[in-house]
Number of protein chains: 2
Amino acid sequence: MSSLLKLIKKELSRFSDTERKIGEFILSNPELVPSMTTKELAKSAEVSEASVTRFCRSIGINSFRLFKMQLMKDVTVANGDLTTFTSLEKKDSVYDLFRKVTYANQGAIVSSLASLDRVQLENAVEALIKAKKVIFYGVGGSVTAAYDGGYKFARIGYQTTSSPDFHYNITVIPHLQKDDVFIGISLSGKTKNVIELATFAKEQGATVIAITKMNRSPLYKLADITLCVPSMEEDFRIGTITSRMVQLNIIDTLYLSVFHMLGDEVLTAFKKAQNETMRLRK
Amino acid sequence: MSSLLKLIKKELSRFSDTERKIGEFILSNPELVPSMTTKELAKSAEVSEASVTRFCRSIGINSFRLFKMQLMKDVTVANGDLTTFTSLEKKDSVYDLFRKVTYANQGAIVSSLASLDRVQLENAVEALIKAKKVIFYGVGGSVTAAYDGGYKFARIGYQTTSSPDFHYNITVIPHLQKDDVFIGISLSGKTKNVIELATFAKEQGATVIAITKMNRSPLYKLADITLCVPSMEEDFRIGTITSRMVQLNIIDTLYLSVFHMLGDEVLTAFKKAQNETMRLRK
DNA sequence: TTATTTTATGAAATTTAATTTCATAAAATA
DNA sequence: TATTTTATGAAATTAAATTTCATAAAATAA
């Protein structure tokens, strides 16, 4: 079964009556939905059109159109043999696991196409262009993405910090200026430390960007700009793995966009660093 | 190449100027089109919206919406051969860049299916199972992967280090025992610091695992076990980005495999940590 | 060559689809 | 029991795709 259908099935219990009607219709007619309109689906599931639109948001996908795309992709891939992904089995060989992880990571990255909002992304890039200092903050599994962001943006001339140390960050945040940026990374959006520092950064006048799931979490509400990652937990072990990939994919995009926009000035410095690396290698 | 793209290519000569503009844009950006509107595509190909609609008819598909569906299906399935690689253009919008990065990352991950050797992978997992201490070491862009590895393996009870500090590592390596593991991460396999520490670790009797490109680099030759990442650098900016994803995908696999094999004993500790995280969140 | 018809195209109008707003009723909380 | 929050559908709005219509260029006929 496709990852999207699995997700719906899992969330079914959390849904309201209306949402459940929609979810159940989709689960029993997955191949029909990609070519339906909101109106048709609304009629079939006996709900309003508005509820269909809302349903998509509720499972972390930005629009009905993207939802259909995602669903179709899932259905297509599952049929095409690639590696019909079922969660981990006792008897899996190491190589089986490799294929499953690869497949899951790939799927997660692709599905971020559906969760990330275009306007929010544009706003984030704009905010970063204006900033001098950027703080990346995440804890636990999100430290990797924070670290990666800090490294990348330092390379193109930003003052960055990306320490997971809460208290260190408290000493740094007061130095943020009006146009500077705080990027809080938390899958759930409920991580206390992240929320506290984000709030603190906002008080200093910095722009707060959140990289988190699309739910009504505190971090989500608090942030000026929200970059949403898809919520997809296949196997609980794989779940935590794939979310990191998606965070990194977003960081990559921010970096590349800023790089792209800053253009030549950065490029010179970049090339200089590259040459020096080459030289040291000899 | 997908059947739809093939068709367009074949018909190209028959097309009018306007149709050719559209066809050419689609051929050079197949991964972008499925999420574009007629307006966007019209603008990109420098034609009118009406012409986009007509183009679809002209190649025998009844509506633009169906055309996109078809194309997406094709692109998804055809993913095996990602030889036609995206490069960045001056006029790319932020969202274009996002789509390209996503596509590139996804492609890189999938292509690691081809570069990673099954036996080497099995050997690596076996070595890790036997180890108590694991050192992850990479510099520059590879620090992210090293850090991630350190974090993951610590979670399942290993003694790990993953500092990019060369001298710190020199003080740690002498404590490695016979079955311990040193994982050196370097895309080129030529990074001096990594080679030196790997050599040092090997002298202590540790097993050296390299995550690197498949070339005859010093690191490649020196390592006991080599986990190869595909070498694919189209655009030099995207190149450095995607390589990190592949490294992480391999780390993920190692982690998951070891987790899988260690089984229940680790699981208990894992759950304990998970519960505590939940509790602290409140 | 010149007049007439056909074809290709973009601008504007129309139709269709999706989303948002707003009012209301139900549920949760104080 | 009063107040706030949440969930929902109807209606309004916005966005996307298609069709119509006018025009200019090419093809054909006189």
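Residues numbered from 1 in each chain as written. Chains lettered and ligands numbered in written order. Predicted model: local features only at pLDDT ≥ 70, side-chain atom pairs only at ≥ 80, totals over all residues. Heavy atoms only, no water.

Draft legend 1. The arrangement of helix H2 (residues 17–28) of chain B in detail. Residues and elements named next belong to chain B. The first and last C-alpha atoms of H2 sit 17 Å apart over twelve residues, in line with the 16 Å expected at 1.5 Å per residue. Buried residues of H2: Glu19, Ile22, Gly23, Phe25 and Ile26, and no others. The arc that holds every buried residue of H2, seen down its axis, measures 160°, which confines them to one face. (Helix = DSSP H or I, 4+ residues; strand = E, 2+ residues; numbered from the N terminus. Expected span 1.5 Å × (residues − 1). Buried < 20%, exposed > 50% of the residue type's maximum accessible area, 1.4 Å probe, protein only. Arc of directions from axis to C-beta.)

Draft legend 2. Broad picture of the protein's contact with DNA strand C. As a structural note, the neighbourhood of DNA strand C is formed by 19 residues, with A:Thr38, A:Ser63, B:Thr18, B:Ser51 and B:Arg54 the closest of them. Here a base oxygen of DNA strand C and a side-chain polar atom of A:Arg54 are 3.2 Å apart. Backbone polar atom of A:Phe64 to a phosphate oxygen of DNA strand C: 3.4 Å apart, as the coordinates give it. Mapped onto the surface near DNA strand C, the elements with two or more residues apiece are helix H4 (49–58) and helix H5 (64–79) of chain A together with helix H4 (49–58) of chain B. Among the elements that line the surface near DNA strand C, the one with the most residues is H4(A), at five residues. (Near = heavy atom within 4 Å. Polar contact = N/O pair within 3.5 Å; in protein donor to acceptor, adjacent residues only side chain to side chain.)

Draft legend 3. Spotlight on the packing of aromatic side chains. Applying the stated criterion to the full structure yields 18 aromatic pairs over all chains. A centroid spacing of 5.4 Å and a plane angle of 65° characterise the contact between A:Phe15 and A:Phe55, whose relative ring orientation is edge-to-face. Separated by 40 residues along the polypeptide, A:Phe15 in the loop between helix H1 (3–11) and helix H2 (17–28) and A:Phe55 in helix H4 bring together distant segments of the chain. When the ring of B:Phe153 is compared with that of B:Tyr255, the centres are 6.3 Å apart and the planes differ by 75°; the resulting orientation is edge-to-face. Placement of the pair is B:Phe153 in helix H8 (residues 143–155) and B:Tyr255 in helix H12 (residues 236–262), with a sequence separation of 102 residues. (Phe/Tyr/Trp six-rings, centres within 6.5 Å; stacked < 30°, edge-to-face > 60°.)

Draft legend 4. Structural view of the environment of A:Ala145. You can see A:Ala145 is positioned in helix H8 (residues 143–155). Those residues in contact with A:Ala145 that lie beyond four places of it in its chain are A:Ile185, A:Gln247, A:Leu248 and A:Ile251. (Contact = heavy atoms within 4.5 Å.)

Draft legend 5. Examining the confidence of the model for chain A more closely. All names here are of chain A. Looking at chain A as a whole, the pLDDT averages 86, with 90% of positions reaching at least 70. The secondary structure element of chain A with the lowest average pLDDT is helix H13 (residues 264–281), at 71, and the one with the highest is strand E1 (residues 133–138), at 98. The low-confidence segment residues 79–85, where pLDDT is below 50, has twelve contacts with residues more than four positions distant or belonging to other chains. (pLDDT = per-residue confidence, 0-100.)

Draft legend 6. Spatial organisation of the sheet that holds strand E2 (residues 159–161) of chain A. Residue and element names in this part refer to chain A. Taken together, five strands build an open sheet; the order of strands is E2-E1-E3-E4-E5 and the sheet is parallel. Edge strands, defined here as strands with exactly one partner in the open sheet, are E2 and strand E5 (225–229). Sheet twist, expressed as the average angle between the axes of neighbouring strands with direction ignored, equals 15°. Note: strand E3 (residues 181–185) against strand E4 (residues 207–213), five bridges, orientation parallel. Its bridge partner lying in E4, isoleucine 185 is registered against isoleucine 211. Of the strands in this sheet, E1, E3, E4 and E5 are in contact with helix H7 (residues 118–130), which crosses E5 at around 125°. (Pairing = 2+ DSSP bridges. Axes fitted to C-alpha atoms, helices over the stretch in contact; angles between N-to-C directions.)

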